[in-house]
Amino acid sequence: MSEPIRLKVNGDVHLVAAGPTDSLLDVLRERLSITGAKRGCDRGECGACTVLLDDLPVNACLVLARRVRGASVTTVEGLRCGENLHPLQRAFHELGATQCGFCTPGMLLSAKALLDHNFTPTREEIRTAISGNLCRCTGYTKIVAAISVAARAIALTKELGDGARTASSSEHDRDKSFIGVVGRRLPKIDGLGHVTGATKYADDLVLPRMLYAKPVYSAHDHARIVRVDVSRARQAPGVAAVITAQDVPENRCGLTVKDQPVIADDKVRHRGDVVAFVAATDPRAAAQAASLVAVEYKPLPAIFDPVESLRPGTLTIHEPGNLVPFNASGCIRIRRGDVNAAFDAADIVLDETYRTSPIEHAAMEPHAMLVLPGPTGSLTIWTPNQVLFTRAAEIAGILKLPLSKLRVIAPPIGGGFGGKNDVTHEPHIALLALQTGRPVKYTWSRAEEFIASSVRHPFVMRHRIGVMRDGTIVAKWVDTTGDAGPYANQSPAVLTVHCIFSCGPYRVPNISIEGRLAYTNNQIAGAFRGYGVVQAAFAVESQMDAAAAALGIGPLEFRKRNALREGDTSPTGQPLAGVGIGECLDRVADALERDHE
Ligand code: FES
Ligand code: FES
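What follows is about the overall build of the protein chain. Looking only at helices and strands, one finds 18 helices and 24 strands in the protein chain. Compactness check: the protein chain gives a C-alpha radius of gyration of 28 Å against a globular reference of 25 Å for 597 residues, within 12% of the reference. Viewed in the frame of its principal axes, the protein chain has a C-alpha envelope of about 80 × 70 × 40 Å. The buried share of the protein chain, reckoned over its 597 residues, is 47%.

Next up, the structure:
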């Protein structure tokens, strides 16, 4: 049962309803529409929700609202000093300490708590103060620098009074007058919104009569669906709609292979498969109703290893088999020269298998999306997607709507790294909006991110290299099996790029590269920074070290001898221009030498 509590937020007193389990973050964001404090994990891990509670930094997601009645709360929206930015806000903006900006409000408040009592913090003290605030984009260097700069500005102001502020402003203005475009530090175009809390990410958006959605995910890695009963969920308080596979106009989707059900019908193939989706008047009612969806499964054995998945006789995840059928052969093959003859002639041949593991993108902003139905069956979709036009076409196909009926808008993205490259739950939310005639929002929990979003591909890569005593690479044979997870998604494109880069930035006259993809019951794999190249680099560079050691040549020297040069071609015959690896290695060698002196 909700009861009113009094809170002072950014100097204004509010009387606001709080339930027994409502957190301070719930109250700020959902009741007061103060969205500067972000919901990154909702469990005290990321610091995106940091606010000052009576001047002390706290994770608002961990604080029960009723426990802090009467308290004074400062969010990023209350950080300005009148019309002026707080020195921290100014420093973050001017030094480029924000990238996606999702961590910035929490980071600023942790920094403020430090500078409120320490104007001359050491680097270590700054790092300790923000150690509870995760940033996925910046690498922290500029954040620490910005806090140092702000500390100096505050100390100077305290020492010299307003004169210092005027001096520092005019210094800034003078600097501005010299600002050009190329080769100059320019503030990020959206940086001001990030440091003031004005940037609205998808989960910050609210529309009148908005419903909240919740998925029902598979309870198994692999199982047949016997029955889905949504009758109890439909009657639950606050529920406006429940959709299942029967409600999806085109229930098979996929970029290159149409192998993925929008809502699972016959089978579930991983824990992230959606079995039903619920929309209700508030997030708790939606979660409660989702828990009432009864699904009867017939569990099947599951496969988690891509190599095992392709062994003859292994159970199949899709018919007719587990080789992803993205082309006629299900393989990428690249050949150059006579690889067998080159291996025969080589002085040393090394053969090793390398494996990489799945990696979650872990953007600080969880996926979130909002769909507004229009009067004539049209839809406006806000989704922080990195590839809007392609994805809009996919969504239109699933909904069997003309593209002209869709308006897809990308709000600011709180970190993507490739993870916001796929169509995820946009079609589900659109269907719920069409069925109810009301706007519907869905924001993934952090746990759901780890279950249902895509990951970096695990690859099993066997690399064989042939080298001569003088340190020349003469042949490379590569055999890669990629783990696509249960659906092809973007895997064929990722595999293609991976294969092209499987010799690294090195000259190899004789090449045989082959790659394939296996279905497994692991999390679905997709785009991730580097798009398959990172895994190849791990295998290539590991083997370069091993080959250098076998030859008794320094690893840097071995790389220099074999680096690609201007005019060389890639393994697929593409002429290369602007090749900088040789010069780069020379500079690394010089720097290392200087370090030794
Ligand atoms: S620590 Fe509160 S949202 Fe992550
Ligand atoms: S700028 Fe820190 S998470 Fe993106």
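Counting buried positions over the nine residues of helix H2 (residues 87-95) gives nine, a clear majority of the element. Pro87, Leu88, Gln89, Arg90, Ala91, Phe92, His93, Glu94 and Leu95 are the residues of H2 that are buried. On the buried face of H2, the contacting elements are helix H3 (104-115), helix H5 (141-160) and helix H7 (191-196). Where H2 ends, the next residue or the one after it, Gly96, has phi of about 70 degrees, a positive value.

Our focus in this paragraph is the pairing of strand S2 (residues 12-18). Strand direction decides the pairing type here: strand S1 (residues 3-9) and S2, joined by seven bridges, are antiparallel. Pairing of Lys8 across the sheet is with Val13, part of S2. If you look at the hairpin formed by S1 and S2, you'll find two residues sitting between the two strands, and Asn10 has a positive phi there, around 50 degrees.

What follows deals with the environment of Ser131. Among the secondary structure elements, Ser131 is positioned in the loop between helix H4 (123-129) and H5. In sequence terms Ser131 and Val226 are 95 residues apart; their C-alpha atoms lie 48 Å from each other.

What follows concerns the domain arrangement of the protein chain. Assigned domains within the protein chain: domain 1 (3-78), domain 2 (87-178 + 185-196) and domain 3 (308-357 + 455-593). Its C-alpha centre places domain 1 at a distance of 50 Å from the equivalent point of domain 3.

Counting 159 residues, the largest nonpolar core has Ala213, Ala276, Val278 and Ala279 as its most contacted members. Among all residues touching Ala279, those that are not within four sequence positions of it are Leu211, Tyr212, Ala213, Ala240, Ala241, Ala286, Leu432, Thr436 and Val440.

Our focus in this paragraph is unusual backbone geometry. Here Glu319 and Pro320 are connected by a cis peptide whose omega angle stands at 10 degrees. With respect to the helices and strands, the residue Pro320 is situated in the loop between helix H10 (306-309) and strand S14 (331-336). The phi angle at Asp54 is positive, at roughly 50 degrees, despite the residue not being glycine. Mapped onto the elements, Asp54 comes out in the loop between strand S3 (50-53) and strand S4 (56-59). Here Asp54 falls in the exposed class, since 12 other C-beta atoms lie within 10 Å of it. Phi angles above zero are rare outside glycine, and Lys400 is one such case at about 55 degrees.

We now examine helix H15 (residues 491-500). Among the residues of H15, those classed as buried are Ser491, Pro492, Val494, Leu495, His498 and Cys499. One face of H15 carries all of its buried residues, which in axial projection span an arc of 160 degrees. Each element contacted by the buried residues of H15 is listed here: S14, strand S22 (459-467), strand S23 (473-485), strand S24 (510-519) and helix H16 (533-551).

It is worth spelling out the environment of Ala302 at this point. Here Ala302 is to be found in the loop between strand S13 (294-299) and H10. Look at Ala302 and you get partly exposed, because 18 C-beta atoms sit within 10 Å. Aside from chain neighbours lying at most four places away, what touches Ala302 is Asp221, His222 and Asn521.

This next bit is on the packing of helix H17 (residues 555-562) against helix H18 (residues 581-596). Contact pair H17 / H18: the axes reach a minimum separation of 9 Å and the direction vectors enclose 155 degrees. If you check the angle between H17 and H18, you find them roughly antiparallel. Seen along the crossing, H17 lies across H18 with a hand that is left-handed. Contacts between H17 and H18 pair Leu556, Arg559 and Lys560 from the former with Gly582, Leu585, Val588 and Ala589 from the latter.

Now for the sheet that holds S22. Strands sit in the order S14-S24-S23-S22-S15 across an open sheet of five strands; the sheet is mixed. Since the sheet does not close on itself, it has two edges, and those belong to S14 and strand S15 (348-355), each with one partner. For this sheet, the mean angle separating the axes of adjacent strands, direction not counted, is 5 degrees. Relative to S24, S14 runs antiparallel, the two being bridged by six bridges. Residue Arg335 lies in a different strand from S24, and its bridge partner there is Ser512. The sheet contacts of H15 involve S14, S22, S23 and S24, and relative to S24 the element is tilted by about 160 degrees.

Attention shifts here to the sheet that holds S3. The strand order S2-S1-S5-S3-S4 describes an open sheet built from five strands, whose pairing is mixed. Here the strands that pair on one side only, and so sit at the sheet edges, are S2 and S4. Averaged over all neighbouring strand pairs, the angle between strand axes comes to 40 degrees, with direction disregarded. Across the sheet, H3 lies against S3, S4 and strand S5 (72-74), angled at about 35 degrees from S3, the strand it touches most.

Our next topic: the packing of H16 against H17. Direction vectors running N to C along H16 and H17 enclose 105 degrees, while the axes themselves pass 9 Å from each other. Judged by the inter-axis angle, H16 sits roughly perpendicular to H17. Each of Met544, Asp545, Ala547, Ala548 and Leu551 in H16 lies in contact with H17, whose residues at this interface are Pro555, Phe558 and Arg559.

With that out of the way, let us pick up the confidence of the model for the protein chain. With 96% of its residues at a pLDDT of 70 or more, the protein chain shows a mean pLDDT of 94. Below a pLDDT of 50 lies the segment residues 164-179, which in the model reaches eight contacts outside its immediate sequence neighbourhood of four places, other chains included.

Relative to the helices and strands, Asp266 resides in the loop between strand S10 (260-261) and strand S11 (267-268). Between the C-alpha atom of Asp266 and that of Ile225, which follows or precedes it by 41 residues, the distance is 5.5 Å. Residues in contact with Asp266, not counting those within four places in the same chain, are Arg224 and Ile225.

Reading guide: rules and limits
Residues numbered from 1 in each chain as written. Chains lettered and ligands numbered in written order. Predicted model: local features only at pLDDT ≥ 70, side-chain atom pairs only at ≥ 80, totals over all residues. Helix = DSSP H or I, 4+ residues; strand = E, 2+ residues; numbered from the N terminus. Rg over C-alpha atoms; globule rule 2.2 N^0.38 Å. Buried ≥ 20, exposed ≤ 12 C-beta atoms within 10 Å, placed from the backbone. Contact = placed C-beta atoms within 7 Å. Pairing = 2+ DSSP bridges. Domains from an automatic or database assignment. Core = buried A, V, L, I, M, F, W, Y, C linked by C-beta atoms within 7 Å. Arc of directions from axis to C-beta. Axes fitted to C-alpha atoms, helices over the stretch in contact; angles between N-to-C directions. Parallel < 35°, antiparallel > 145°, perpendicular 65-115°, else oblique. Left-handed = near helix turned anticlockwise from the far one by under 90°. pLDDT = per-residue confidence, 0-100.

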